[in-house]
Amino acid sequence: NAGVMQNPRHLVRRRGQEARLRCSPMKGHSHVYWYRQLPEEGLKFMVYLQKENIIDESGMPKERFSAEFPKEGPSILRIQQVVRGDSAAYFCASSPARSEQYFGPGTRLTVT
Amino acid sequence: GIQVEQSPPDLILQEGANSTLRCNFSDSVNNLQWFHQNPWGQLINLFYIPSGTKQNGRLSATTVATERYSLLYISSSQTTDSGVYFCAGCRETSGSRLTFGEGTQLTVNP
């Protein structure tokens, strides 16, 4: 059973560009979570989704950030007009229910 | 939301030593997990342990839910144990969002 997959693993964007991060949950998992780890800091919750629904987005910045988990395909975290402060590691996790969360390898975003 | 406090923040050991890492929660949690972030940045699930005791090889964990703390034991440490250890939890009323502690940076020297 493959683990949580994230791509790309590394992403470099210039200020003002858009970043799209993809997450494929483990097989049989319908709950997806996104977390962000800023340099030298712990992980912070961003958003919790189930298929076609955003359940909790209390950790998402109000502007430029959006997330979706469509009926088909991976979950997408989208950051518009990136700024240097968006440079971080973005982790996706999945779970079969509200239980143990399994984390992907992360996407390291660098904004130049 | 809940507050998660980990101790110690840093720990340096010689290979073969044992250690105990602690995690305190400001409120009761219904999901508690321990993770190891290796030097390559990957988060490895160690334990899902809302209560009780579990063991996996040289690692074991104990959660005392009524007193809102959890302990991670590492025995006979190896250099590959180096990295950051995080605990994280969530409350029933907080949905499923995990709140992480600041981590314990462990360095095991040969």
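Throughout what follows, the structure given in this document is the object of discussion. (Residues numbered from 1 in each chain as written. Chains lettered and ligands numbered in written order. Predicted model: local features only at pLDDT ≥ 70, side-chain atom pairs only at ≥ 80, totals over all residues. Heavy atoms only, no water.)

**Things to note about the nonpolar core**
Right, so step 1: Judged by nonpolar contacts, the single largest core of 23 residues is most densely connected at W34, M46, L77 and Y90 of chain A.
Right, so step 2: Broken down by secondary-structure element, the contributors of at least two residues to this core are β3 (19-24), β4 (31-37), β5 (43-50), β7 (65-68), β8 (75-79), β9 (88-95) and β11 (107-111) of chain A.
Right, so step 3: Counting residues in each nonpolar core, the second largest holds 21 residues, with I2, W34, I49 and V108 of chain B among its members. (Core = buried A, V, L, I, M, F, W, Y, C linked by side-chain atoms within 4.5 Å. Buried < 20%, exposed > 50% of the residue type's maximum accessible area, 1.4 Å probe, protein only. Helix = DSSP H or I, 4+ residues; strand = E, 2+ residues; numbered from the N terminus.)

**Comments concerning the interface of chain B and chain A**
Right, so step 1: Across the boundary between the two partners, chain B contributes 19 residues, which contact 20 residues of chain A.
Right, so step 2: Taking both partners together, chain B and chain A bury about 1600 Å²; carbon and sulfur atoms supply 49% of that area.
Right, so step 3: On inspection of chain B and its partner chain A, the count reaches one salt bridge.
Right, so step 4: Between D56 of chain A and R97 of chain B there is a salt bridge, and its shortest N-O distance comes to 2.7 Å.
Right, so step 5: Where chain B touches chain A, the interface holds nine residue pairs in polar contact (both at pLDDT 80 or more). (Contact = heavy atoms within 4.5 Å. Buried area = accessible area lost by both parts, 1.4 Å probe. Salt bridge = Lys/Arg side-chain N within 4 Å of Asp/Glu carboxyl O. Polar contact = N/O pair within 3.5 Å; in protein donor to acceptor, adjacent residues only side chain to side chain.)

**A short note on unusual backbone geometry**
Right, so step 1: Note that the residue after N7 of chain A, namely P8 of chain A, is joined by a cis bond; omega there is -5°.
Right, so step 2: Structurally, P8 of chain A is set in the loop between β1 (5-7) and β2 (10-13).
Right, so step 3: The omega torsion across S7 of chain B and P8 of chain B is -10°, close enough to zero to call that bond cis.
Right, so step 4: Among the secondary structure elements, P8 of chain B is positioned in the loop between β1 (4-7) and β2 (10-14).
Right, so step 5: A positive phi angle is found at Q81 of chain A, which is not glycine, with a value near 45°.
Right, so step 6: One can find Q81 of chain A in the loop between β8 and β9.
Right, so step 7: Look at Q81 of chain A and you get exposed, because its relative accessible area is 54%.
Right, so step 8: Of note in this structure, R68 of chain B is not a glycine but carries a positive phi near 60°.
Right, so step 9: Its place among the elements puts R68 of chain B in the loop between β7 (59-64) and β8 (69-74).

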